[in-house]
Amino acid sequence: MPKIHLRIDGLMLMAAGLALYAHFDYPWWMFIVFLFAPDIFMAGYLFSPRLGARIYNIGHTLIWPVSLALIGLFTSGGLWFAAALIWTCHIGLDHLIGYGFKYDDAFGHTHFSEI
């Protein structure tokens, strides 16, 4: 059951991000171009599973998109807020399809279970 709940959380996170992105009428081309940009954090796996997991987890925590959203809200920076929503949608999508935070032994070993 926890896996189902985690995936539903991912779905709702992505749905909220999409709804806000649409509400603020940001350009959809930007959403499509940058949706998978956070996957650059997988580059650490080129060196080792341990480094890969650490870098991947840093890039897939909500700390960064929430920080960007707050910066965007308090500075009226629409671009920052749009980037935060795209990043949030990416994390939600990952969780929806079963990609979670990585353990340092293998890419497929996540807090959801094995991929």
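Residues numbered from 1 in each chain as written. Predicted model: local features only at pLDDT ≥ 70, side-chain atom pairs only at ≥ 80, totals over all residues. Heavy atoms only, no water.

Enquirer: Would you mind going over the packing of helix α1 (residues 2-23) against helix α5 (residues 78-96) with me for this structure?
Expert: Relative orientation and spacing of two packed helices are given, respectively, by the angle between their axes and the distance between those axes. Closest axis-to-axis distance for the α1/α5 pair is 7 Å, and the angle between their directions is 155°. Considered as vectors, α1 and α5 are oriented roughly antiparallel to each other. Considering how the two elements wind past one another, α1 and α5 form a crossing that is left-handed. Between α1, through L6, R7, G10, L11, L13, M14, G17, L18, L20 and Y21, and α5, the contact on the second element is made entirely by A82, L85, I86, T88, C89, I91, G92, L93, H95 and L96. Its residues assigned to classes, the contact of α1 with α5 shows 14 nonpolar, five polar and one charged. (Axes fitted to C-alpha atoms, helices over the stretch in contact; angles between N-to-C directions. Helix = DSSP H or I, 4+ residues; strand = E, 2+ residues; numbered from the N terminus. Parallel < 35°, antiparallel > 145°, perpendicular 65-115°, else oblique. Left-handed = near helix turned anticlockwise from the far one by under 90°. Contact = heavy atoms within 4.5 Å. Nonpolar A, V, L, I, M, F, W, Y, C, P; charged D, E, K, R; others polar.)

Enquirer: How should I be thinking about helix α3 (residues 49-59) in this particular structure?
Expert: Each α-helix winds once per 3.6 residues, and so residues spaced three or four apart point in a common direction. Those residues of α3 that sit buried are G52, A53, Y56, N57 and G59. The buried residues of α3 occupy one face: seen down the axis, they fall within an arc of 160°. Of the surrounding elements, those touching the buried residues of α3 are α5. (Buried < 20%, exposed > 50% of the residue type's maximum accessible area, 1.4 Å probe, protein only. Arc of directions from axis to C-beta.)

Enquirer: What should I look at first to understand unusual backbone geometry in this one?
Expert: For D25, which is not glycine, the phi dihedral falls at a positive 55°. Looking at where D25 falls in the secondary structure, it is placed in the loop between α1 and α2 (28-34). We classify D25 as exposed; its relative accessible area is 65%.

Enquirer: Where do I start with the packing of aromatic side chains in this structure?
Expert: Two numbers describe a pair of aromatic rings. These are the distance of the centres and the angle of the planes. Taken as a whole, this structure holds seven aromatic pairs when the rule is applied. A ring pair is formed by W28 and F31, whose centres lie 5.5 Å apart and whose planes are at 65°; its orientation type is edge-to-face. Placement of both W28 and F31 in helix α2 is noted, with a separation of three residues, approximately one turn of the helix. Judged by its relative accessible area of 7%, F31 is buried. Taken together, Y21, F24, Y26, W28, F31 and F81 form an aromatic cluster joined through their ring pairs. Stacked on the ring of Y56, the Lys or Arg K102 has its end atom at 4.5 Å from the ring centre. (Phe/Tyr/Trp six-rings, centres within 6.5 Å; stacked < 30°, edge-to-face > 60°. Lys NZ or Arg CZ within 6 Å of the ring centre and 35° of its normal.)

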